[in-house]
Amino acid sequence: MVKDKDYLKKTASFCIDLAKKLGATSSSAAVMHSISETVNFRNKKLDESDRSDNLGVTLTTYIGKKKSSISSSNLSEDNIKDLIERCIETTKITPEDEFNSLPDKDLLGIETKNLNLYDDDHISNDEKIEYLKEVEESAFKKGIINTESGFSETKSNFILANSDGFLNGYKSSSFSASCVAVAKSNENMERDYEFTNTCHLHDMAKPDQIGSLAAKKTIQKLNPQKIESEKISIIFDRRISKGILSSLAAAISASSIARGTSFLKDKINEKIFSNTINVYDKPDIIRGLGSSYFDTEGVKAEELKLVDQGILKHYLVDTYNGKKLNMQSNGRSGGTSNLFFEKGSISYKDLLKLNHRTLYITETIGHGSNFVTGDYSVGATGFMVENGVFKYPVSEITIAGNFKDIFKNITLADDLEFKYATNAPTMLIEGMVVAGK
Amino acid sequence: MTDFFNKTDLSRKDAENIVSNTLNNCDDGELYLENSKSESIILDDDRIKSSSYRSDLGYGLRAITGEVVAYSHSNEISKNSLKQSADNLKSTLKSKKGTYNNSISKTNEKFYNNINPIEKKSLNSKLELLKEVNNYVRSKGAIVQQVTASFAGEHKAIEIIRSGGEVLTDARPLIRFNVSVMLEKNGKKETGVYGIGGRQSYDEYLKNDNWKKVCDEAFRIASVNLDSKPAPAGEMKVVLGPGWPAILIHEAIGHGLEGDFNRKKTSAFHNLMGQKVASEGVTIVDDGTLHQRRGSLTIDDEGTPTEKTILIENGILKNFMQDRLNARLMNTRSTGSGRRESYKHVVLPRMRNTMMLNGKYSQEEMIRSVDKGIFAVSFGGGQVDITSGKFVFNCTEAYEIINGKIGSSIKGATLIGDGPSILKEVSLVGNNMMLDPGIGTCGKAGQGIPVGVAQPSILIDKMTVGGTQL
């Protein structure tokens, strides 16, 4: 069982009180506990079980405008006392920073509606095993030589407290299952996957769906070709298209803006996407994978329309960087919540047919995003699509461009679904360069 | 040495009994205890942005029978908690029966006695030095727009208790000093990053104003990139510089030679043992015993002493990297490559310091031999798909080569290749082997661990460069 609210509150209050006694002018503390149980299968047999019990505390102390922090997984009272003393000593010798402070009191969040983020249902390891048997049974198709699948259940609870009287937290749960299949043909081996991840047990996808999709996607990738280097229209599968939103989020975080290290600095109220594009960040989706009642500082997070008809409307602002930029926190310390593109108006099928030849990307590898310049270059695998029909798999190529151009050349399909915390429909991008042969 | 049984109701005797009891009918397993302390100080945007300290304590109890691994970890070192973990393991392995192998190899001499980078240098002197770093870099001119500098230090004490009461311990210091510089000229912004580190005290790295060299290097890389032009796209010859570019070896070859992927036959190398997988003259080793490198450890995280493992010798595949589990199932021995990020993670076969050894050519000869290609001096991150063998990495400093001469610098290109075939495309191996500066972190299955790489310059006959210029 995860620790209850009383235990977490007691520990958090102990930290805040002791910090004050030792000379902190203000402080904040978070205490978290999570228990997670995972079972993994391989080739229809039990491979691994893993039980993870994680307790942790973090404390930030301020003396005027000086700040320092500690964190620990050892919550024995002696250890906590030593650490808080150390934290205060460190705070004293750390130089002042005029922007250091707790969030404004009147911005702090309280639960106003129930987001239903916790499911008390427990699924035993034996039941997980039954689910995984079905997953792997449906994954073992002709050509598949290896399957690995896993089922994970996590229950978490946390409390966030600060010396202005904030003391709030909530339980959450997560259930996830995945299957990775490997297929072989001649000397070529390929791998692909499918997964489900939900807040509530009964929202999970059916096991045979996970297994058969993983197998199907893997077999489709066999015997890929390398194509010529060329400029060509590219479609991002929904697995990849959400990455464009993650890049946007990284580039509009108040920290990158304040440091001047973002290609979107000073672009508020400017057009960065085409007219048809709208982007939302909505923290209060019921059972949403990115939902939360308040951000990591306790600030209430309201829904934001980050991009309105192509125009950038907000940065993601936390207290510290907000003060630097002379802006109020909008509850985005720790990043976005449920971030998504509003769906487009064209169907998936029509998007495939929009050009005679299109490269459909299902996976990218590498870390080729530069948020200072906007340059983007990653390895990719996918399929060549001709007149709306998938012709053959493609691999060992790279795709490259600059986010400033990419953002302006996006067409979205109408197939938005909420499978991750950040979600985007299938996406067509014009004008990127493919490097191949 | 950390006493894990101080201040708990769990005595060493209790722990040993629970371990022996749990592992009796298993093939392998252990209790792994860890106490780590880490400190991080970051200067950014002209001020100390954060100073933080972390102390972490916990255990992981592991039982293995056949191919099945049962693992349970917690931060609560207590009788109750350990018993609960033991019950959890027993329920997973209830129908299995194994034979515990008590023998464990004789251990290395301890590498890192008495080095504690956190306590040894005072916080005040670290804060002062970061301010000096900031002033030094900013004094290079108005084009310096942003400076970030950081110290990260860690001290980790581990103890392994095996069934039958055998105990192995190790202490592992690790530090890193990093500088990132952003320059702006004519509206164009570019970043340069450089860092150094390893398993020594800070003083060893920072003496003789060594820190200035780190700053100079970060500034130089950013300056080079300010004058860069877009990278070409397509297949061409690539010369890799010595040292850090060996992450190509790490990604393209190293991961594919880890025992687990080969036991599961999901690595492109699994059926190539004893066969020619690289050009003649290519020898690659993975060495966990090098002096004070990031990947160097007295023992691995299962208690096996680390060693120098020959992976590829003169083009022929000789060994995979093994932990105890995969070695047992593949009928071979552990190479001391069983590693984990922390007590929260299961052991996997991992790399330590992966190195391509010297050949006989000079870098100049290589560049002279190229009509059209690129010279890649440094990289950011890389990634590999073990199954298909495809890998990528991103250049952070690269130049075009035209008619045997180094030309303009090019920006942000990604290189992509195929692991099993790339080593056959290596046509010249240089004589200038260099270790990386001590900055590598390798990710696998969500676990990040410190590693090292080394290589001389090499010429690759054909690789795809992922630029934007057709």
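Residues numbered from 1 in each chain as written. Chains lettered and ligands numbered in written order. Predicted model: local features only at pLDDT ≥ 70, side-chain atom pairs only at ≥ 80, totals over all residues.

Peer 1: Help me understand the interface of chain B and chain A in this model?
Peer 2: You'll often see interface size given as the accessible area lost when the parts meet. With 68 residues of chain B at the contact, the number on the chain A side is 60 residues. The leading source of residues in the side of chain B that touches chain A is strand S2 (residues 47-65) of chain B, at 11 residues. Grouping the amino acids of the side of chain B that touches chain A by side-chain chemistry returns 19 nonpolar, 31 polar and 18 charged. Summarising the sheet, strand S2 (residues 45-63) of chain A and strand S3 (residues 68-74) of chain B pair through six bridges and their orientation is parallel. Across the sheet, Arg51(A) pairs through a bridge with Ser72(B), a residue of S3(B). (Contact = placed C-beta atoms within 7 Å. Helix = DSSP H or I, 4+ residues; strand = E, 2+ residues; numbered from the N terminus. Nonpolar A, V, L, I, M, F, W, Y, C, P; charged D, E, K, R; others polar. Pairing = 2+ DSSP bridges.)

Peer 1: Where do I start with the packing of helix H1 (residues 12-23) of chain B against helix H2 (residues 79-92) of chain B in this structure?
Peer 2: Residues and elements named next belong to chain B. For the pair H1 and H2, interaxial distance at closest approach is 10 Å and the crossing angle is 5°. Taken together, the axes of H1 and H2 are roughly parallel relative to one another. Note on element contacts: H2 touches H1 through Lys79, Leu82, Lys83, Ala86, Leu89 and Lys90, opposite Asp14, Ala15, Ile18 and Thr22. Each residue belonging to the contact of H1 with H2 can be placed in one class, and the counts come to five nonpolar, one polar and four charged. (Axes fitted to C-alpha atoms, helices over the stretch in contact; angles between N-to-C directions. Parallel < 35°, antiparallel > 145°, perpendicular 65-115°, else oblique.)

Peer 1: It is not clear to me how the nonpolar core should be interpreted in this structure. Could you clarify?
Peer 2: Grouped burial of nonpolar side chains is what soluble globular proteins tend to show. The biggest cluster of nonpolar side chains holds 202 residues, and the ones touching the most others in it are Ala376(B) and Leu415(B). Of all hydrophobic cores here, the second largest spans 31 residues; its members include Leu8(A), Ala12(A), Ala24(A) and Leu83(A). (Core = buried A, V, L, I, M, F, W, Y, C linked by C-beta atoms within 7 Å. Buried ≥ 20, exposed ≤ 12 C-beta atoms within 10 Å, placed from the backbone.)

Peer 1: Teacher, can you tell me more about the pairing of strand S1 (residues 28-44) of chain B here?
Peer 2: Taken residue by residue, a regular strand's side chains alternate between the two faces of the sheet. Residues and elements named next belong to chain B. Within S1, 14 of the 17 residues are buried, leaving the element largely enclosed by the surrounding structure. Bridge count between S1 and S2: 17 bridges; the pairing is antiparallel. Looking across to S2, one finds that Leu33 is bridged to Tyr59. If you look at the hairpin formed by S1 and S2, you'll find two residues sitting between the two strands, and Asp45 has a positive phi there, around 55°. Sheet topology places S1 next to strand S4 (residues 144-161); 14 bridges connect them, and they run antiparallel. Across the sheet, the residue bridging to Glu34 is Ile158, located in S4.

Peer 1: Even after reading the chapter, I still don't get helix H3 (residues 125-139) of chain A, so can you show me in this structure?
Peer 2: For the α-helix, the turn length of 3.6 residues means that residues three or four positions removed from each other point alike. Residues and elements named next belong to chain A. For H3, with 15 residues, the first-to-last C-alpha span of 21 Å sits near the 21 Å given by 1.5 Å per residue. Residues of H3 that are buried include every one of Lys128, Leu132, Val135, Glu136, Ser138 and Ala139, and no others. Down the axis of H3, the buried set is contained in an arc of 160°. They therefore lie on one face. (Expected span 1.5 Å × (residues − 1). Arc of directions from axis to C-beta.)

Peer 1: Help me understand the domain arrangement of chain A, please; the structure alone is not making it clear to me.
Peer 2: Residues and elements named next belong to chain A. What the domain assignment lists for chain A is domain 1 (5-220) and domain 2 (224-437). At the interface, 22 residues of domain 1 touch 19 residues of domain 2. If you list the elements that add at least two residues to the side of domain 1 that touches domain 2, you get strand S4 (144-162) and strand S5 (167-185). (Domains from an automatic or database assignment.)

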